[in-house]
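Breakdown of the fold
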Amino acid sequence: MRHTKNAEKTTDTVQHREPILLNFTPASEGTQQLYWRGDRWYCLFRRPGERVPVRLTTGTADEADARRKAQAEFIKLQTRISSGKPRKDVTFRIVAEKLAEELEEELKARKKYGERAPNGDRLRHPQTLGKKINHIRSYLIPFFADKEIKDISDDDIRRAKTHFATYWTEGPGKNISKLSFVKNGRVQETTRRKLGVSNRNTINQYAMTINEVLRFSKTHFRTEHRLTKTVYTDRLDSPRSSITADQFKAICDLQQKRINAEKRDYHKWRLRRVICAFEFVLYSGLRVAEVHSLKWGDIAVIPVQSGKTLHISNVRSKLKPVRSVVCRSEIMNTYVEMLAHRKTEDPLEYVFSNEFNPLKPCHINDGVQVLLQKAGLWSDGKGGYRTLGSMRHSYCQWMIHNMTPFNLYKLAANMGTSEVQIRKHYASDINLRENLEALAGTIDIGLADVFKDAKAGAKREIKNPFLSDARELIRIWQEIGVNWIGMDDECIGSEIRNFHGEYTYNSVEMRAFIATIKCLSDASPPPHDTPA
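Residues numbered from 1 in each chain as written. Predicted model: local features only at pLDDT ≥ 70, side-chain atom pairs only at ≥ 80, totals over all residues. Heavy atoms only, no water.

Digging into the overall build of the protein
Each helix and strand in the protein was counted, giving 19 helices and nine strands. Expressed as a percentage of the 532 residues in the protein, the buried residues total 40%. Within the protein, contacts between residues at least 6 apart in sequence are counted, and of these 58% link residues at least 24 apart. (Helix = DSSP H or I, 4+ residues; strand = E, 2+ residues; numbered from the N terminus. Buried < 20%, exposed > 50% of the residue type's maximum accessible area, 1.4 Å probe, protein only. Contact = heavy atoms within 4.5 Å.)

Take a look at the structure:
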């Protein structure tokens, strides 16, 4: 009986009323209407071409009173627009929430249709969309809150980057020990890893999301901001943190003591596998993600002058083209040891496989971090941290000093990067090797001219930051057989956005990037040279 009374009461209080069109202006100049929600009237104003209308409450349930208030609000709105001001004071929270809703819709469409929507639009990867939604709701909205978009300044962005860099060491996340996440529809909990200050790439991911919010505010809410500088963090030109031979020997000795102290064979191998991962990176130059995705079917033993070594095919990472890698011959001992622990003959089995499912990769980053912390090498003393990827830098330095004959372009191709990047981060090592080779007279044939051209190209790279990316994009087009010389500006811009992302370059940078590609197209340069 009580349920029936409540149902009758609810029926009496809830009223449904049709929207009322208001003819303040001709229909061609926009739409104005009243609509009922809850217990009062709201007014809606939409101008032609605007995707997001202005919605305001009248604060009354009386229709005549609502009409008068709607007309007064419409006059205020027209006055703001005619004076060049935004339609209303738009806060960061309003814009960010609306963007998050659109990202969620795109995520649903991606899961339903795949990479392409029915209308042909390219949909971003679910992991990218999920990360942006998490950045907006977990970090950006709590920080900027109800600050108006037009009031966001360079100082606010600087404080935001400092806040995100120290979020887990000095900020709100300092005392958080458990993290919750949803996997396969179930909420799970994990222990948070104790890391240091966020690196430049992590901070730039937040900066990309901030940039997308500001762009969304401009296109959907017609608001401007006061930023005069880019929101991205400048690239550091300091040398990469590597691990020296003595440090690696200390790491191996410490891990061997931990292995000897362990009684269970299963855990002995887990500890030993961390050293194998270090050696794989040191002798191959692979990125950490490439080591994680390494499969037995991609590895072949080939003869070389010093004996045998490994040839790794189908290496892919960081949206780079597929490449093959020839390793140093010292990797064979590690290869034999890993081969002895191979579980199946399936070529799809991961080299560093999961203990329970060999067709899934294992997680070795935690073991690497613990080992470096115990060895006292976790911090590099320059504000950064050593990781498994530090061995890749050790590989590069070793090859620069010991590769015979020294060929920088072969080294860059083997590592899946460009000679410009290697010169930028290992300039002192390269200069030393070039001087020694020149004095000894054993420099590779034609390499002296190549060095000269590369130095000139590096100087041009400073003047035009798009040359390296343009050459890389042209190289990919040539490999897949695309006629890039005959492309128009719109087609080139579409390819750049597909390759680098929708919001990587603004309109000015995009025009400069396209002009650089056009310059290379007109000059038709050789593969490793650029026009002056």
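Observations regarding the sheet that holds strand β1 (residues 20-21)
Taken in spatial order, the four strands line up as β1-β2-β3-β4 in an open sheet, and their pairing is antiparallel. What marks the edges here is a single partner per strand, and that holds for β1 and β4 (54-57). Bridge analysis of strand β2 (residues 31-37) against strand β3 (residues 40-46) gives seven bridges, and the strand direction is antiparallel. When the sheet's bridge partners are listed, R37 is paired in β3 with R40. Across the face of the sheet, helix α2 (residues 63-82) comes into contact with β1, β2, β3 and β4 while running at roughly 30° to β3. (Pairing = 2+ DSSP bridges. Axes fitted to C-alpha atoms, helices over the stretch in contact; angles between N-to-C directions.)

Re the packing of helix α7 (residues 245-261) against helix α11 (residues 365-374)
Here α7 crosses α11 at 105°, and the two axes come no closer than 10 Å. Here α11 runs roughly perpendicular to α7, going by the angle between their axes. Each of I251, L254, Q255 and R258 in α7 lies in contact with α11, whose residues at this interface are V370, L371, L372 and K374. Here the residues of the contact of α7 with α11 are counted per class, giving five nonpolar, one polar and two charged. (Parallel < 35°, antiparallel > 145°, perpendicular 65-115°, else oblique. Nonpolar A, V, L, I, M, F, W, Y, C, P; charged D, E, K, R; others polar.)

Structural notes on the pairing of β3
Counted along the chain from β2 to the antiparallel partner β3, the turn is two residues long, and its residue G38 has a positive phi close to 70°. As judged from the four bridges shared by β3 and β4, these two strands associate in the antiparallel manner. Across the sheet, L44 pairs through a bridge with R55, a residue of β4.

What about the sheet that holds strand β9 (residues 323-326)?
Read across the sheet, three strands follow the order β7-β8-β9 without closing on themselves; strand pairing throughout is antiparallel. Every other strand in the sheet has two partners, leaving β7 (299-304) and β9 as the edge strands with one partner each. Neighbour-to-neighbour, the strand axes of this sheet turn through a mean angle of 30°, independent of strand direction. Where strand β8 (residues 307-315) meets β9, three bridges bridge the pair, whose relative direction is antiparallel. Across the sheet, the residue bridging to I312 is V325, located in β9.

Details of the nonpolar core
Among the nonpolar cores identified, the biggest contains 38 residues, and F278 and F352 are the most heavily contacted of them. Sorting the residues of this core by element identifies α7, α8 (265-284), β8, α10 (331-340) and α11 as the ones contributing at least two each. In this structure F352 touches R273, C276, A277, F280, V291, M338, P361 and C362, once residues within four positions along its chain are discounted. Among the nonpolar cores identified, the runner-up in size contains 29 residues, and V90, V95, L103 and A160 belong to it. (Core = buried A, V, L, I, M, F, W, Y, C linked by side-chain atoms within 4.5 Å.)

Quick notes on unusual backbone geometry
Even without being a glycine, A145 presents a positive backbone phi close to 50°. Inspection of the secondary structure assignment puts A145 in the loop between α4 (126-144) and α5 (154-165). Positive phi values are uncommon outside glycine, yet N314 reaches one of about 55°. Here N314 shows up in strand β8. Exposure remark for N314: the relative accessible area of 44% places this residue in the partly exposed category.

A word on the layout of surface pockets
A volume near 590 Å³ is recorded for the second largest pocket. Lining the second largest pocket are 21 residues; nearest its centre among them are V326, C327, M399, M403 and T404. With four residues, the single largest contributor to the lining of the second largest pocket is helix α12 (residues 390-402). Here the lining of the second largest pocket is composed, by residue class, of nine nonpolar, eight polar and four charged. (1 Å grid on protein atoms, 1.4 Å probe; cavity = no way out; pocket = protein on both sides within 12 Å on 5 of 7 lines; lining within 4 Å. Points joined across faces, edges and corners; volume = space filled by probe spheres on them.)

Regarding the pattern of salt bridges
Applying the stated criterion across every chain yields a total of 26 salt bridges. Between E355 and R273 there is a salt bridge whose closest N-O contact spans 2.7 Å. Of this pair, E355 sits in the loop between α10 and α11 while R273 sits in helix α8, and the two are 82 residues apart along the sequence. For E355, a relative accessible area of 23% gives the class partly exposed. One network of salt bridges, in which partners are shared, links E106, R124, K132 and E212. (Salt bridge = Lys/Arg side-chain N within 4 Å of Asp/Glu carboxyl O.)

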